[in-house]
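An overview of the molecular structure
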Amino acid sequence: MQSSNSKSSNSQSSAVGEIVNISQLDHFFGKGELRKQILFDIDLTLNSGEVIILKGPSGSGKTTLLTLMGGLRSPQSGSLCVFGQELVGAKKNKLVETRKNIGYVFQSHNLLASLTAKQNVQMSLELHDHISTAEVEHRTIALLELVGLADHINYRPQSLSGGQKQRVAIARALVSQPKIVLADEPTAALDGKTGRDVVELMQRLAKERGCTILIVTHDNRILDVADRLVELEDGRITHDVKQ
């Protein structure tokens, strides 16, 4: 069962602005005899400006839930509204439109080795036709400077440390000024200090831009950066509490 604090936080959502609203969401992998339920009756609201940490054992469904919220996977049943748009039953073009307002940070960075830090960040703006070439250049350099990579703008990933690569990934996630940043195990490949620096950077930059951050993690050392802590176990939300 969810904590009573969950109701408290959700009741305030209309005041602060609901960004994601999930109700009675189930999800399955496979078909026929191989069909397996991964998520069970998920009820969850993410509010504007919140930092939420989603934790739970391996295989509990955390990454599946994140990809559904991010429009990277099609939700199957229940309700999943992002920016007021229902994604259950949505066509591919609606999922693509939803993704334009979401920034992603993944454990493995997902940087293209052949591109410089600057070029990797610029890629995030390619879907935004209304942004001029000059604005793309300005935003990219400004973000890389803000994450402490002013002297590494033209470095390729193989010349960067793990922490620097993750900073490029954060700049790439934030450069399009998204309403949500979804981060899947962003500190898993980093040492303690670097991991701490990375999540505090995400927290500060996203707060300054008023966007919502959801961090999936096993790292108990970073739990204090969150406004809310949500726990998932065996595909079910067991706790949802404000910190």
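That block above? That's the structure.
This write-up is about the structure you can find in this document. It should be emphasised that the depicted structure is a prediction, and the values quoted were computed from it without experimental measurement. (Residues numbered from 1 in each chain as written. Predicted model: local features only at pLDDT ≥ 70, side-chain atom pairs only at ≥ 80, totals over all residues. Heavy atoms only, no water.)

**Side note on the packing of helix H7 (residues 162–174) against helix H8 (residues 192–209)**
When two helices pack together, you describe them by how their axes are tilted relative to each other and by the distance separating the axes. As a reminder, the rule being used: Here an axis means a line fitted to C-alpha atoms, over the contact stretch when the element is a helix, while the angle between two N-to-C directions is reported on a 0 to 180 degree scale. Each helix corresponds to a stretch of at least 4 residues labelled H or I by DSSP, and each strand to a stretch of at least 2 residues labelled E; elements are numbered beginning at the N terminus. What sets the label is the angle itself: under 35 degrees gives roughly parallel, over 145 gives roughly antiparallel, 65 to 115 gives roughly perpendicular, and the rest give oblique. Note: crossing handedness is left-handed where the near helix turns anticlockwise from the far helix by less than a right angle, and right-handed where it turns clockwise. Residues are treated as being in contact if the distance between any of their heavy atoms lies within 4.5 Å. Under the scheme applied, nonpolar residues are Ala, Val, Leu, Ile, Met, Phe, Trp, Tyr, Cys and Pro; charged residues are Asp, Glu, Lys and Arg; polar residues are all the others, including Gly.
For the pair H7 and H8, the least separation of the axes is 10 Å and the interaxial angle reads 15°. What the angle tells us is that H7 and H8 run roughly parallel. The interaxial crossing formed by H7 with H8 has right-handed handedness. Contacts between H7 and H8 involve Gly163, Gln166, Arg167, Ile170 and Leu174 from the former and Thr194, Asp197, Val198, Leu201, Met202 and Leu205 from the latter. The residue inventory of the contact of H7 with H8, partitioned by class, reads six nonpolar, three polar and two charged.

**Quick look at the pairing of strand S9 (residues 228–233)**
The cut-off we apply is this: Paired strands, in this sense, are two strands between which DSSP finds at least two bridges.
Inspection of the sheet shows strand S3 (residues 51–55) paired to S9 by four bridges, in the parallel sense. Note on S9: the bridge partner recorded for Ile53 is Leu229. By the bridge criterion, six bridges tie S9 to strand S10 (residues 236–242) in an arrangement that is antiparallel. Of the residues in S10, the one forming a bridge with Leu229 is Val241. Connecting S9 to the antiparallel partner S10 that follows it, the hairpin turn spans two residues, and Asp234 within it adopts a positive phi of roughly 50°.

**Observations regarding the side chain of Arg228**
Our working rule: A 1.4 Å probe rolled over the protein chains alone gives each residue an accessible area, and that area as a share of the maximum for its type sets the label: buried under 20%, exposed over 50%, partly exposed in between. N or O atoms within 3.5 Å of each other form a polar contact, as long as, within protein, one can give a hydrogen and the other can take it, and as long as residues adjacent in sequence are counted only when both atoms are side-chain atoms.
Here Arg228 shows up in strand S9. Overall, Arg228 belongs to the buried group, its relative accessible area being 0%. Within polar-contact distance, the side chain of Arg228 engages the side chain of Glu50 at 2.9 Å.

**So, the side chain of Arg172**
With respect to the secondary-structure elements, Arg172 resides in helix H7. For Arg172, a relative accessible area of 14% gives the class buried. At a separation of 2.9 Å, a polar atom in the side chain of Arg172 contacts the main-chain carbonyl oxygen of Asn110.

**What to know about the sheet that holds strand S1 (residues 18–29)**
Strand pairing within a sheet occurs via backbone hydrogen bonds; the two strands may be parallel or antiparallel. On the basis of which strands lie adjacent, the open sheet formed by four strands has the order S2-S1-S4-S5 and antiparallel pairing. Every interior strand has two partners, whereas the edge strands, strand S2 (36–47) and strand S5 (85–86), have only one.

**Description of H8**
Note on helix geometry: an α-helix contains 3.6 residues per turn, so any two residues three or four positions apart are oriented the same way. Note the cut-off: Expected helix span is given by 1.5 Å per residue-to-residue step, counting one fewer step than there are residues. Arc definition: it is the arc formed by the directions from the helix axis to the C-beta atoms.
Relative to the 26 Å expected for 18 residues at 1.5 Å per residue, H8 spans 26 Å between its end C-alpha atoms, a close match to the ideal helical length. Along H8, the positions that sit buried rather than exposed are Gly195, Val198, Val199, Leu201, Met202, Leu205 and Ala206. Projected onto a plane normal to the axis of H8, the buried residues spread over an arc of 155° and lie on a single side. The exposed set on the far side of H8, more than 90 degrees from its buried face, consists of Lys193 and Glu208. For H8, the N-terminal cap is Asp191; the gap from its side-chain oxygen to the backbone nitrogen of Lys193 is 3.1 Å. Gly210 sits one or two residues past H8 and shows a positive phi near 70°.

**A few points about the nonpolar core**
Soluble globular proteins: nonpolar side chains tend toward being buried together. Put simply, the rule is: In this description, a nonpolar core means a group of buried Ala, Val, Leu, Ile, Met, Phe, Trp, Tyr and Cys residues linked to one another through side-chain atoms lying within 4.5 Å.
Formed by 39 residues in total, the largest nonpolar core has its most connected members in Ile53, Leu144, Val168, Ile170 and Met202. Those elements that provide at least two residues to this core are S3, helix H5 (117–122), helix H6 (133–146), H7, strand S7 (180–184), H8 and strand S8 (212–216). Excluding residues that lie within four positions of it along the chain, Met202 makes contacts with Ile170, Val181, Ala183, Ile213 and Ile215.

**Structural notes on the environment of Ser132**
By secondary structure assignment, the location of Ser132 is in the loop between H5 and H6. In terms of polar contacts, Ser132 uses its side chain to reach the backbone amide nitrogen of Glu135, at 3.1 Å.

**Describing H6**
Its 14 residues place the ends of H6 20 Å apart at the C-alpha level, agreeing with the 20 Å of an ideal helix rising 1.5 Å per residue. For H6, every residue scored as buried is listed here: Val136, Arg139, Thr140, Leu143 and Leu144. On an axial view of H6, the arc spanned by its buried residues comes to 125°, and they lie on one face. Exposed residues pointing more than 90 degrees away from the buried face of H6 are listed as Ala134 and His138. Contacts made by the buried residues of H6 are with H5, H7 and H8.

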